[in-house]
Amino acid sequence: MTSAPAPRFPRGFRFGAATAAYQIEGATGEDGRGVSIWDTFCRTPGATAEGSTGDTACDHYHRYREDVALLRELGADTYRFSIAWPRIVPAGTGAVNPAGLDFYDRLVDELLDAGIEPAPTLYHWDLPQALEDRGGWRVRDTAEAFAEYALVVAERLADRAGRWMTLNEPFCTAFVGHAVGRHAPGTREGNGALAVVHHLLVGHGLAVDALRAAGAREVGIALNPDRLLPATGSAADAEAVARAEILHNRCWFDPVFLGRYPEGEKEVWGDISDFSFRRDGDLALASRPLDFCGVNYYRPITVADAPWREADPARRTADDIRVQETWGDDTARRTTMGWPVVPASFRDLLVDLTRRYPGLPPLVITENGSAEADAPEADGTVHDTDRVEYLRDHLDALAQAVAEGVDVRAYYVWSLLDNFEWAFGYDRRFGIVRVDYDTLRRTPKDSYRWYRDFIAAERAAHAR
Ligand code: FCB
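These numbers come from a predicted model, not from an experiment.

Enquirer: So what exactly am I meant to see when it comes to the overall build of the chain here?
Expert: Looking only at helices and strands, the chain has 15 helices and 13 strands in total. Considering the chain as a whole, with its 464 residues, one finds that 62% of them fall into the buried category. Relative to all contacts within the chain whose residues are 6 or more apart in sequence, the contacts with residues 24 or more apart total 76%. Of the accessible surface of the chain, which amounts to about 17300 Å², a share of 50% is contributed by carbon and sulfur atoms. Counting 52 positive and 72 negative side-chain charges, the chain places the averaged centre of each group 2 Å from the other.

Now the structure itself:
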C-alpha cells in the first residue's frame, strides 16, 4: 500500500476562486443596469490602459453557466463573486431593478446545483454613478444607501448564499480612488479620503446589521492588510512604517476589530482639524461582531521615510502621507504587476495579525494569486509554471500559519478567469483560466489543473 500524503489543512477547510462583477460581467448596458463610477472612469482619457472598459469583459453575464461548470470541474467548495450595486439599484437609491436581482438569483442556484457555496461581496468598487454625483462615499447618505441595497440583496439571496462580505479592500476605495486617483472616481482630494474612510466603515456596519436582519449566515469584510517592511534599519524608516501601518492596516483593523481609530492617526493625516463627519456611535457600528475576517494578500511592501510633499503643515492632506513605498527585495522574482513574490511574508502577516488582534474572528483568504506573462501555445493551452509555483508556495506558507495556530477557514484564488484588471485593463492576467478576449473562449491553464489536483488530494487525505 502506498501511503498517501497527510492533509495540509484542517477538515472542513474550503477551497475556492474569486472574481468581481465589473472585472468579468460585461453587459454593462443590459437589463436595466445603471452606470457605475468605473464606467465613467474608464471613459476618462488616460485612466485605463488603452482606454479599456468593462463593457464586455469576460461576458460572464451571459456565460455564467460555463463559468460555474469550470468551478465544478475544479472541485471548488465555494465561489466568491461580487454583486453590481448598479444592477440592483440603478440610481443608487430608490427603485430596485428586478432583472438585476434575477441574474444573481440564477447564478446562486446554478452554483448550488453544482454543489458550490455562493459567497457574495456587496461592494467591489462599482458605486452607482448617481451616488457619486451626490457626493459618493464622502457623504454619509451613501453609507445609508449601501445598507438599503444590502437589505434588498440579502432578502433575496440570504436563504441560499452562505458567506457574505460587505466591502472589498476599502483601503483602495478610499486612498487609491480618492487620494492618488488611480482608481474610480479618480480624484486627488486629500481630506476627502478621510471622510471616505469613515463612511465606508459606517456603511460596513449598517450593512452588517442589514445582512443579519435578513438572516445571512456568515458575515464578514474583505480587507487587504499589508506586510510593511522598513527599507533600512534607521529610526526614520521605522517611524515611516508606523505611519504606513496606520494608513494601510490600522485605520481599518482598529475600528472594525477594536472599535476605535488608531492612536497617533491624526499626526499621519497632517494638520487636518475638521473631523466633524465622525459622529458618536459610528465606531460601535464599524465594530459590529463578524463571523470572519477576509484577507486579500499578494505581496509585501517596503517603506522608507520621505519628506512631506507639502512643506506648509497647514496645507498637508491625506494624499501627502510621509512615506515612500517601494517593492524592495531585489532578490525576489516579480510578477507582471512588478510585485515581489515573497510567500514567507504571507505567513508572517497572518501570524502577526492574530498576535496584534487577539479578538480577531477566523480568517478567510479572500484573494491570493499572481499576474504572469502567460504565453499560450498554438492550441491555446497555457503552461503557467510561474503561477503554479506562486500558488504552491503561498498555500505552503498558509499551511504553515495554520500549523502555528492561525485560524483560517478558507482560501480563494484570485482569479478564476483572466479579467479586467482595473487601471491595467486587460494587460495583466491573473486567471487560472485563460480568456481569449476576441472569442471569449475559456481555456484552463496548467495552474487550474494543479489547483484541481491539490484540492482533490486534500479531500482524499481527509477521506482516508
Ligand atoms: C485586488 C482587487 C482585485 C484584483 C486583485 C489583483 O486589489 O481586490 O479586484 O484586482 O487586486
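Enquirer: Can you help me understand the nonpolar core in this one?
Expert: Soluble globular proteins tend to bury their nonpolar side chains together. In this structure, Phe-175, Trp-252 and Trp-269 are the most contacted members of the largest nonpolar core, which totals 153 residues. The biggest single contributor to this core is helix 9 (residues 192-213), with 11 residues. Not counting residues up to four positions away in its chain, the partners in contact with Trp-252 are Pro-170, Phe-171, Ala-174, Phe-175, Val-197, Leu-200, Leu-201, Leu-223 and Leu-247.

Enquirer: Sorry, what's going on with the site of the ligand here?
Expert: Near the ligand you find Gln-23, His-124, Trp-125, Asn-168, Glu-169, Asn-296, Tyr-298, Glu-367, Trp-414, Glu-421, Trp-422 and Phe-430, and these make up its full shell. His-124 places a side-chain nitrogen or oxygen 2.8 Å from an oxygen atom of the ligand. At a separation of 2.7 Å, an oxygen atom of the ligand approaches a polar side-chain atom of Glu-421. A total of 290 Å² of accessible area belongs to the ligand in isolation, and the protein chains cover 95% of it. For the shell around the ligand, the residue count by class is five nonpolar, four polar and three charged.

Enquirer: Looking at this model, I keep getting lost on helix 13 (residues 343-356). Mind explaining?
Expert: Each turn of an α-helix holds 3.6 residues, which means side chains three or four residues apart point in the same direction. The end-to-end C-alpha distance of helix 13, which contains 14 residues, comes to 20 Å, matching closely the 20 Å that a straight helix rising 1.5 Å per residue would cover. Where the residues of helix 13 are buried, they touch strand 6 (228-230), helix 10 (235-258), strand 7 (292-296), strand 10 (363-367) and helix 14 (385-403).

Enquirer: Which parts of the structure should I look at to understand the packing of aromatic side chains?
Expert: Each pair of aromatic rings is reported with the distance of its centres and the angle of its planes. Tallied over the full model, the rule gives 41 aromatic pairs. Summarising the aromatic geometry, the rings of Trp-38 and Trp-422 are spaced 4.7 Å apart at their centres and angled 50° between planes, so their arrangement reads as tilted. Of this pair, Trp-38 sits in helix 2 (residues 37-42) while Trp-422 is found in the loop between strand 11 (408-414) and strand 12 (433-435), placing the two residues 384 residues apart along the sequence. An identical accessibility class is assigned to Trp-38 and Trp-422; each is buried. A centroid spacing of 4.9 Å and a plane angle of 5° characterise the contact between Trp-85 and Tyr-149, whose relative ring orientation is stacked. Of this pair, Trp-85 sits in helix 4 (residues 85-88) while Tyr-149 is found in helix 7 (residues 140-157), placing the two residues 64 residues apart along the sequence. Taken as a pair, Trp-85 and Tyr-149 share a single burial class, namely buried. An aromatic cluster is built from Tyr-22, Trp-38, Phe-41, Trp-125, Phe-420, Trp-422, Tyr-426 and Tyr-437, whose rings are joined through pairwise contacts. When the ring centre of Phe-275 is taken as origin, the NZ or CZ atom of Lys-266, which lies over that ring, is 4.5 Å away. Against the face of Trp-339 rests Arg-299, its NZ or CZ located 4.9 Å from the ring centre.

Enquirer: Whenever I open this one, unusual backbone geometry confuses me. Can you help?
Expert: Outside of glycine, negative phi angles account for most residues, and trans bonds account for most peptide bonds. The step from Ala-184 to Pro-185 runs through a cis peptide bond, and the omega angle for that step is 5°. Within the secondary structure layout, Pro-185 lies in the loop between helix 8 (170-178) and helix 9. Across the junction of Trp-414 and Ser-415, the peptide omega takes the value 15°, indicating a cis bond. Structurally, Ser-415 can be placed in the loop between strand 11 and strand 12. Not every positive phi belongs to a glycine, and Ala-57 is a case in point at roughly 45°. Here Ala-57 shows up in the loop between helix 2 and helix 3 (60-74). Even without being glycine, Leu-440 reaches a positive phi, approximately 65°. Within the element layout of this structure, Leu-440 appears in the loop between strand 12 and strand 13 (442-444).

Enquirer: Help me out: how do you make sense of the sheet that holds strand 1 (residues 14-18) in this one?
Expert: In a beta sheet, neighbouring strands pair by backbone hydrogen bonds and run either parallel or antiparallel. Taken in spatial order, the eight strands close into a barrel running 1-2-3-4-5-7-10-11, and their pairing is parallel. Between one strand axis and the next, the sheet turns through 25° on average, direction left out of account. As defined by bridge partners, strand 7 adjoins strand 10 across four bridges and the pair is classed as parallel. Bridging from a neighbouring strand, Asn-296 pairs with Glu-367 of strand 10. Along the sheet, helix 8 makes contact with strand 3 (117-123), strand 4 (163-168) and strand 5 (218-223), crossing strand 4 at roughly 15°.

Calculation rules
- Residues numbered from 1 in each chain as written.
- Predicted model: local features only at pLDDT ≥ 70, side-chain atom pairs only at ≥ 80, totals over all residues.
- Heavy atoms only, no water.
- Helix = DSSP H or I, 4+ residues; strand = E, 2+ residues; numbered from the N terminus.
- Buried < 20%, exposed > 50% of the residue type's maximum accessible area, 1.4 Å probe, protein only.
- Contact = heavy atoms within 4.5 Å.
- Areas by Shrake-Rupley, 256 points an atom, 1.4 Å probe, with all protein chains shown as cover.
- Lys, Arg positive; Asp, Glu negative; His and termini not counted.
- Charge placed at Lys NZ, Arg CZ, Asp CG, Glu CD.
- Core = buried A, V, L, I, M, F, W, Y, C linked by side-chain atoms within 4.5 Å.
- Near = heavy atom within 4 Å.
- Polar contact = N/O pair within 3.5 Å; in protein donor to acceptor, adjacent residues only side chain to side chain.
- Nonpolar A, V, L, I, M, F, W, Y, C, P; charged D, E, K, R; others polar.
- Expected span 1.5 Å × (residues − 1).
- Phe/Tyr/Trp six-rings, centres within 6.5 Å; stacked < 30°, edge-to-face > 60°.
- Lys NZ or Arg CZ within 6 Å of the ring centre and 35° of its normal.
- Pairing = 2+ DSSP bridges.
- Axes fitted to C-alpha atoms, helices over the stretch in contact; angles between N-to-C directions.

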